[in-house]
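Results of the structural survey
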Amino acid sequence: MRICFHGTADEISLVAGRPLLVLLTARDLPRMRVFELHHPRVHAHPRLEHYRLCAVMTETIDEGRTA
């Protein structure tokens, strides 16, 4: 799935620098799900210090292997 994160340069660098992301889910789903980012691209707003990181995100099963 494609996903975009919006934030400052510091916030985007935290997300972009990680090969895996852990997301907490609603109570009816598994408590944590692990995702890997592929083909990340960062877009900057021309006048403001706002950034957008867009990437393809795939769920992994264990230790980073794609499901």
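Since we're looking at a predicted model, the values are computed, not measured.

Description of the sheet that holds strand E4 (residues 51–59)
- Across the sheet, four strands lie side by side as E1-E4-E3-E2; this open sheet has antiparallel pairing. Sheet topology places strand E1 (2–7) and strand E2 (20–24) at the edges, where each strand pairs with a single neighbour. The sheet shows a mean angle of 45 degrees between the axes of neighbouring strands, taken without regard to direction.
- Judged from the five bridges that link them, E2 and strand E3 (residues 32–44) form a sheet pairing that is antiparallel. Note that in E3 the partner of Leu 21 across the bridge is Phe 35.
- The sheet strands contacting helix H1 (residues 9–16) are E1, E2, E3 and E4, and the helix crosses E1 at an angle near 145 degrees.

What about the nonpolar core?
- With eight residues, the main nonpolar core is built from Ile 12, Val 15, Leu 21, Phe 35, Leu 37, Leu 53, Ala 55 and Met 57.
- Looking at this core, the elements that each hand over two or more residues are H1, E3 and E4.
- In terms of residue count, E4 provides more of this core than any other element does, three residues in total.
- In this structure Met 57 touches Met 1, Ile 3, Leu 21, Leu 23, Phe 35, Glu 36 and Leu 37, once residues within four positions along its chain are discounted.

The rules behind these values
- Residues numbered from 1 in each chain as written.
- Predicted model: local features only at pLDDT ≥ 70, side-chain atom pairs only at ≥ 80, totals over all residues.
- Heavy atoms only, no water.
- Pairing = 2+ DSSP bridges.
- Helix = DSSP H or I, 4+ residues; strand = E, 2+ residues; numbered from the N terminus.
- Axes fitted to C-alpha atoms, helices over the stretch in contact; angles between N-to-C directions.
- Contact = heavy atoms within 4.5 Å.
- Core = buried A, V, L, I, M, F, W, Y, C linked by side-chain atoms within 4.5 Å.
- Buried < 20%, exposed > 50% of the residue type's maximum accessible area, 1.4 Å probe, protein only.

Function cannot be read off these values alone, since they describe shape.
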